[in-house]
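A structural walkthrough
Residues per chain, in single letters:
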Amino acid sequence: ETNGAIVWTYELAGSVHSWSSAIANGRVFVADNWAMKLYAFGAPYPGIHDVAIIDVTPSQNSTYERCLIDINVTVANEGDFAETVTVDLYYNITAGDKIGTKIVDLLPTETKTLTFTWNTTGVKPCRNYAITAVARPVPGETNTANNEFTDGYVKVKILGDVDGNGYVNIKDATLIGLAFGSKPGDPNWNPQADLNQDRYINVKDIILLGNNFGRTC
């Protein structure tokens, strides 16, 4: 046996002959070069059903209440059959708090990345939330250990708490002032100062901060 390839030898009329063979899918295949035939030994490989979540990546690690945040989930088909996979995304799986559900078709060995948008309206602020994706088992699947993946904590802040200290005060107003008039790409751009998520720091953000001034966790 060399590098997993087996060579069978036999003696006939004083000469030594060899057949090349290999193992694949749980079966032994032997090639008879003289007869130009291929022999297979062992039961046919039945194939497996196995889907997995292999990555969860939030677009940012903090956001505000009543805001939107994108979360990418990568799902893989690690089995031998085409599958239709249902993926659920949670921000608190223990409590069953779900962000959303998506369905994706995957060929064997194929991976796809799904983008979920989490609307934090109604989510309690001043907490870190663990993001968990779950691929529901497909028919015939026995290995479900890789169907769940938790990665990335997202902190939901009080609207206006730019510095994330749990208190909307003059420090936050100062940070918005430093970023005032900026947009993405500008040297003073601060995405945390963009309270209404319109990609421009202006008086609308100052009004939102004023409406929440003095709030605390």
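Just so it is clear, the model here is predicted, and its values are computed rather than measured.

1. Re the sheet that holds strand β7 (residues 68-77)
- One open sheet accounts for 3 strands, arranged β5-β7-β10; its pairing is antiparallel. Each edge of the open sheet carries a strand with a single partner, namely β5 (51-58) and β10 (111-119). Ignoring strand direction, the axes of neighbouring strands in this sheet form an average angle of 25°.
- Taken together, the 9 bridges between β7 and β10 define a ladder with antiparallel strand orientation. Of the residues in β10, the one forming a bridge with Asn-72 is Thr-115.

2. Examining the packing of aromatic side chains
- Going through the model one piece at a time under the given rule, you end up with 3 aromatic pairs.
- Aromatic side chains Tyr-91 and Tyr-129 sit 5.4 Å apart centroid to centroid with 80° between the ring planes, which places their arrangement in the edge-to-face category. Taken together, the residues span a long stretch of sequence, with Tyr-91 in strand β8 (residues 83-92) and Tyr-129 in strand β11 (residues 127-135) at a distance of 38 residues. There is no split in this pair, since Tyr-91 and Tyr-129 are both buried.
- Residue Tyr-129 is classed as buried on the basis of its relative accessible area, which comes to 7%.

3. Regarding unusual backbone geometry
- With phi around 70°, Thr-109 is a residue other than glycine that occupies positive phi space.
- Looking at where Thr-109 falls in the secondary structure, it is placed in the loop between β9 (97-106) and β10.
- With phi around 65°, Arg-199 is a residue other than glycine that occupies positive phi space.
- Along the polypeptide, Arg-199 turns up in the loop between α1 (170-179) and α2 (203-212).

4. Things to note about α2
- Among all positions in α2, only Asp-205, Leu-209 and Asn-212 are buried. Down the axis of α2, the buried set is contained in an arc of 70°. They therefore lie on one face.
- Buried residues along α2 sit in contact with α1.
- Backbone nitrogen of Lys-204 and a side-chain oxygen of the N-cap are separated by 3.1 Å at the start of α2; the cap is Asn-202.
- Where α2 ends, the next residue or the one after it, Gly-214, has phi of about 95°, a positive value.

Rules used in this analysis
Residues numbered from 1 in each chain as written. Predicted model: local features only at pLDDT ≥ 70, side-chain atom pairs only at ≥ 80, totals over all residues. Heavy atoms only, no water. Pairing = 2+ DSSP bridges. Helix = DSSP H or I, 4+ residues; strand = E, 2+ residues; numbered from the N terminus. Axes fitted to C-alpha atoms, helices over the stretch in contact; angles between N-to-C directions. Phe/Tyr/Trp six-rings, centres within 6.5 Å; stacked < 30°, edge-to-face > 60°. Buried < 20%, exposed > 50% of the residue type's maximum accessible area, 1.4 Å probe, protein only. Arc of directions from axis to C-beta. Contact = heavy atoms within 4.5 Å. Polar contact = N/O pair within 3.5 Å; in protein donor to acceptor, adjacent residues only side chain to side chain.

Coordinates in, geometry out; function isn't part of it.
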